[in-house]
Amino acid sequence: MSNNAFNSMIEFKKSDKFENFYKSTNATMQCYIEYVPTVGWVASYEDPNNLENCDEVALTAPSDCVRWLEAKVPFSVI
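Remember, predicted model here, so these are calculated numbers, not experimental data.

## Section: the sheet that holds strand 2 (residues 21-24)
Here's step 1: With antiparallel pairing, five strands are arranged side by side in an open sheet as 1-2-3-4-5. Edge positions in the open sheet fall to strand 1 (12-14) and strand 5 (50-59), since each of these has one partner strand only. Pairs of neighbouring strands in the sheet enclose a mean axial angle of 20°, with direction left out of account.
Here's step 2: In this sheet, strand 4 (residues 40-47) lies alongside strand 3 (residues 30-36) in antiparallel orientation, the contact comprising seven bridges. Opposite Tyr35, over in strand 4, you have Trp41 as the bridge partner.
Here's step 3: Across the face of the sheet, helix 1 (residues 62-72) comes into contact with strand 1, strand 3, strand 4 and strand 5 while running at roughly 20° to strand 4.

## Points about the pairing of strand 4
Successive side chains on a regular strand alternate, one facing one side of the sheet and the next facing the other.
Here's step 1: When you tally the buried positions in strand 4, you get seven out of eight residues, the bulk of the element.
Here's step 2: Across seven bridges, strand 4 lies against strand 5 in antiparallel orientation. Residue pairing in the sheet places Tyr45 in a bridge with Asp55 of strand 5.
Here's step 3: If you look at the hairpin formed by strand 4 and strand 5, you'll find two residues sitting between the two strands.

Procedures and definitions
Residues numbered from 1 in each chain as written. Predicted model: local features only at pLDDT ≥ 70, side-chain atom pairs only at ≥ 80, totals over all residues. Heavy atoms only, no water. Pairing = 2+ DSSP bridges. Helix = DSSP H or I, 4+ residues; strand = E, 2+ residues; numbered from the N terminus. Axes fitted to C-alpha atoms, helices over the stretch in contact; angles between N-to-C directions. Contact = heavy atoms within 4.5 Å. Buried < 20%, exposed > 50% of the residue type's maximum accessible area, 1.4 Å probe, protein only.

Next comes the structure, spelled out in structure tokens:
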């Protein structure tokens, strides 16, 4: 299985514990994408050292979530 679930610059790995939940592996902050049945696709990020530096947004597709996170959170490309 590829490390990058969405074939994007920020790499996401699918959770083994939760269905439709993905966590970034190369971002400077914790980034998540998940599908919430009553809401749709949700992108979020949080800085564990400063919990005031966090945000989340509901979008219509995982690709929209990836684009939103790429614009908000620094990440490294190896």
